[in-house]
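One letter stands for each residue in the lines below.
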Amino acid sequence: MSAPAEPLTPMLLVRDISVSFSSARGGRILAVDGVSLSLRAGEAVGLVGESGCGKTTVARTIAGLITPDSGEIELDGEPLTRRSRAMRRAIQLVFQDPYASLNPRRTVRSVLRELLRLHALAEGADVERRCAELMSLVGLPATALDRRPAAFSGGQRQRVAIARAIAVEPRLIVADEPVSALDVSVAATILSLFERLRSELDLGLLLISHNLAVVAAICDRVAVMYLGRVVESGPRAAVFEDPRHPYTRALLDAAPRLRPEIAEGPRLRDEAPPAGARPSGCAFHDRCPRVEEICRHESPELRAVDGQPQRTAACHFSHERHTGGRAR
Amino acid sequence: MTAPALEVHDLALSIGDRHRRSRVVDGVSFAVAGGHSLGIVGESGCGKSLTLRGVMALAPAAVRIDSGTVTLGGEELPLRGRHARAARRGRIAMIFQDPLSALDPVHSAGAQVAEVARRVGGRSPRAAWERAIELLELVGIREASRRARDFPHQLSGGMRQRVMIAMALASEPAVLLCDEPTTALDVTVQAQVLDLLDSLRAELRLALVFVSHDLAVVRGICEQVIVMYAGRFVETGPTAALLEHPRHPYTLGLRQAVVDVDDAGRTPRSIPGELPEPGRLPSGCPFHPRCVYADDACTHGTVELESHAEDGRTVACLHSDLVPAP
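Keep in mind that what you see is a predicted model, and the values were worked out from it rather than measured.

**Side note on the overall build of chain A**
Inference 1: Of the regular secondary structure elements, chain A holds eleven helices and twelve strands.
Inference 2: For chain A, the C-alpha radius of gyration of 21 Å lies close to 20 Å, the compact-globule estimate for 328 residues.
Inference 3: On the principal axes, the C-alpha backbone points of chain A span a range of 70 × 55 × 45 Å.
Inference 4: The buried share of chain A, taken over its 328 residues, is 47%.
Inference 5: Across chain A, every contact between residues at least 6 apart in sequence was considered, and the portion connecting residues at least 24 apart equals 66%.

**Re the pairing of strand β12 (residues 308-313) of chain A**
Residues and elements named next belong to chain A.
Inference 1: Where strand β10 (residues 229-235) and β12 come together, two bridges link them in antiparallel fashion. Across the sheet, Ser233 pairs through a bridge with Thr312, a residue of β12.
Inference 2: Where strand β11 (residues 303-305) meets β12, three bridges bridge the pair, whose relative direction is antiparallel. Within β12, the position partnered with Ala304 by the bridge is Thr312.
Inference 3: Hairpin geometry of β11 and β12 is characterised by an intervening segment of two residues between the two adjacent antiparallel strands and by a positive phi of about 50 degrees at Asp306.

**Observations regarding the nonpolar core**
When a protein is soluble and globular, its nonpolar side chains tend to lie buried together.
Inference 1: Residues A:Leu206 and B:Val113 are the most contacted members of the largest nonpolar core, which totals 195 residues.
Inference 2: With nine residues, the single largest contributor to this core is helix α7 (residues 157-170) of chain B.
Inference 3: When residues are assigned to domains, this core turns out to be shared by domain 1 (4-91 + 174-269) and domain 2 (103-172) of chain B, each giving three or more.
Inference 4: Filtering out sequence-adjacent residues up to four positions away, A:Leu206 remains in contact with A:Leu39, A:Val45, A:Leu47, A:Ala59, A:Ile62, A:Leu172 and A:Val174.

**Considerations on the sheet that holds strand β4 (residues 64-72) of chain B**
All names here are of chain B.
Inference 1: Spatially, β2-β1-β4-β5 is the arrangement adopted by the four strands of the open sheet, whose pairing is antiparallel. Where the open sheet ends on each side, the last strands, each with one partner, are β2 (21-33) and β5 (75-77). Across the sheet, the mean angle from the axis of one strand to that of its neighbour is 15 degrees, orientation sign disregarded.

**Notes on the domain arrangement of chain B**
All names here are of chain B.
Inference 1: Split into domains, chain B comes out as domain 1 (4-91 + 174-269) and domain 2 (103-172).
Inference 2: Spacing between the C-alpha centres of domain 1 and domain 2 amounts to 26 Å.
Inference 3: Between domain 1 and domain 2, the contact holds ten residues from the first and ten residues from the second.
Inference 4: With four residues, the top contributor of residues to the side of domain 1 that touches domain 2 is helix α8 (residues 187-204).

**Description of the sheet that holds strand β9 (residues 221-226) of chain A**
Residues and elements named next belong to chain A.
Inference 1: Strand order across the open sheet formed by eight strands is β6-β7-β8-β3-β9-β10-β12-β11, with mixed pairing between neighbours. Strand pairing shows two members of the sheet lacking a second neighbour, β6 (91-94) and β11, which therefore form its edges. Sheet twist, expressed as the mean angle between neighbouring strand axes with direction ignored, is 30 degrees.
Inference 2: Summarising the sheet, β9 and β10 pair through six bridges and their orientation is antiparallel. Looking across to β10, one finds that Arg221 is bridged to Pro235.
Inference 3: Where helix α1 (residues 55-62) meets the sheet, its contacts fall on β3 (44-48), β6, β7 (172-176), β8 (204-209) and β9, and the angle it forms with β8 comes to roughly 150 degrees.

**Things to note about the packing of helix α7 (residues 184-201) of chain A against helix α11 (residues 249-257) of chain B**
Inference 1: Between α7(A) and α11(B), the least distance of the axes is 8 Å, while the angle of their chain directions is 55 degrees. In terms of orientation, α7(A) lies oblique with respect to α11(B). Here α7(A) and α11(B) pass one another in a crossing that is left-handed. For the pair α7(A) and α11(B), contact is made by A:Val184, A:Ser185 and A:Ala188 and by B:Gly253, B:Leu254 and B:Ala257, respectively.
Inference 2: Taken together, the residues of the contact of α7(A) with α11(B) break down into four nonpolar, two polar and no charged.

**Considering the interface of chain B and chain A**
Inference 1: On the chain A side, the residues contacting the 37 residues of chain B number 35 residues.
Inference 2: Looking at the side of chain B that touches chain A, the elements that each hand over two or more residues are α8, α9 (215-219), α10 (239-244) and α11 of chain B.
Inference 3: Looking at the side of chain B that touches chain A element by element, the count peaks at six residues for α8(B).
Inference 4: A per-class count over the side of chain B that touches chain A returns 16 nonpolar, eleven polar and ten charged.

Reading the values: the criteria
- Residues numbered from 1 in each chain as written.
- Chains lettered and ligands numbered in written order.
- Predicted model: local features only at pLDDT ≥ 70, side-chain atom pairs only at ≥ 80, totals over all residues.
- Helix = DSSP H or I, 4+ residues; strand = E, 2+ residues; numbered from the N terminus.
- Rg over C-alpha atoms; globule rule 2.2 N^0.38 Å.
- Buried ≥ 20, exposed ≤ 12 C-beta atoms within 10 Å, placed from the backbone.
- Contact = placed C-beta atoms within 7 Å.
- Pairing = 2+ DSSP bridges.
- Core = buried A, V, L, I, M, F, W, Y, C linked by C-beta atoms within 7 Å.
- Domains from an automatic or database assignment.
- Axes fitted to C-alpha atoms, helices over the stretch in contact; angles between N-to-C directions.
- Parallel < 35°, antiparallel > 145°, perpendicular 65-115°, else oblique.
- Left-handed = near helix turned anticlockwise from the far one by under 90°.
- Nonpolar A, V, L, I, M, F, W, Y, C, P; charged D, E, K, R; others polar.

Written out as structure tokens, the structure reads:
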């Protein structure tokens, strides 16, 4: 059996990054603890976990808004430590709240014009042509160019934010909870927009969400984070059909679902502890239904599942199947 | 058949001025019995939250009540005026999407629950505090007597939502109205809060009305569901049957827009177009400009909610027989 040939270097390579913040009580809090990820051109990868698991910090570090304490990030084999303007352009962020990320005083046209000129992407008549093209790419009418953010609905505003991100012709979009503030029907339009842009522009997409169902809809691969670390990763189908970390199982069981015949598993108790209060051993042990003595004092390594290099899990029992309550 | 705890008949609300009024809730009727649950689903702006606020006499000042009756345990309540709030106290309570806006930042969680228990139950301050601790335990807050002294900003989003539920319960209501109470929460915490509401409904025999934009969330907690579009009910029925085979094209659209872990790899399909603005309702069926089944007949006249008595479902669509199973 031969796997399809993969390029040796992925487009984005995140190797063992750690990020800490100073805490209000003094000392440092480790928000991200040795996270590694990779993403190929045109690929969509989902990063999932509860509030406070460090997924947003990972996103902001990749986008260059935070400098990691250690670890490397490479884009097309080039380290991102010294960011040129071209490199900053290559990775664009889209946020949850389009209200907060758009300047209320400026029209869409003036924002796009400035970006196109600043990055020398278009001049003269091409600027206006490109502005119109961007509107059609994100599914907005050309008349939207002369409106300000207040004139748009939440979904339209998210389209404007996406137009702004793709205006600079990036290689990778990092979208942090882009649909969690939106109605389901509007969320659906934004997810299918990402899907379309990815194939039309060969864009990489790192989609961050607390909801596995959102990631399930459009991502090829999934990484699950818990308290600053990746606890499971792999191709979407494998992770969803046969999760090997009890936390992934629990996230699947918590997702609202349409079909009543699929029974739900036991609920995850409580909420994740804050990053500064990491439990000993496996950080998940105090909420885990599969906990044993070893979990309380020995932290499991992230390792290949069943010898498949593209699947990893950090659980002492990752060789078992966690069927939970999802038996049909 | 138990008598409904809450009965709403022909509730109509409008906005605008003397010269031009626009209906935002257009004559809706529903009922829910103690120990039962009803969901109201639709896109932002369809009138679902406003319906709850109208029932609660909490509609914004700009909204006028054109008609309707709200009956609680057989007694009709005033829809407006000085006595509207007092008539609801201790009988019907409401929780909201954002608990921070409903909680007072300068009082501890326990004090706010105790205040309601004191005012509604006529308890002494000491008895009210004890009742508050009991309620915080009931809503699943561990070490409740310690956490009761925390202020809202010291609590996580899920805990704040639990405190708001405890405050609502402190007034010992028969009816609990829930306006998207889990939309801002993580899926794991959402699942916990939904379980909590479901067990409270059963244990306290509460009549639960739950508003959401997400059919999958409503599926987990409501036996009956109403789909609302442009201020009107367009389909009603038992949740499982309605999801299995929607009869209104809008219900089908909402269902196909939901992302579902059981359908990994399926990009959700959106409903083309947008909800019409109040005052710019299209003629005929208000959904016809967005509907793939619409024909000439849909563009004029009114499309009434028709009952299918044999299975407890109603639908307002001329072509409901064309709507395929998803």
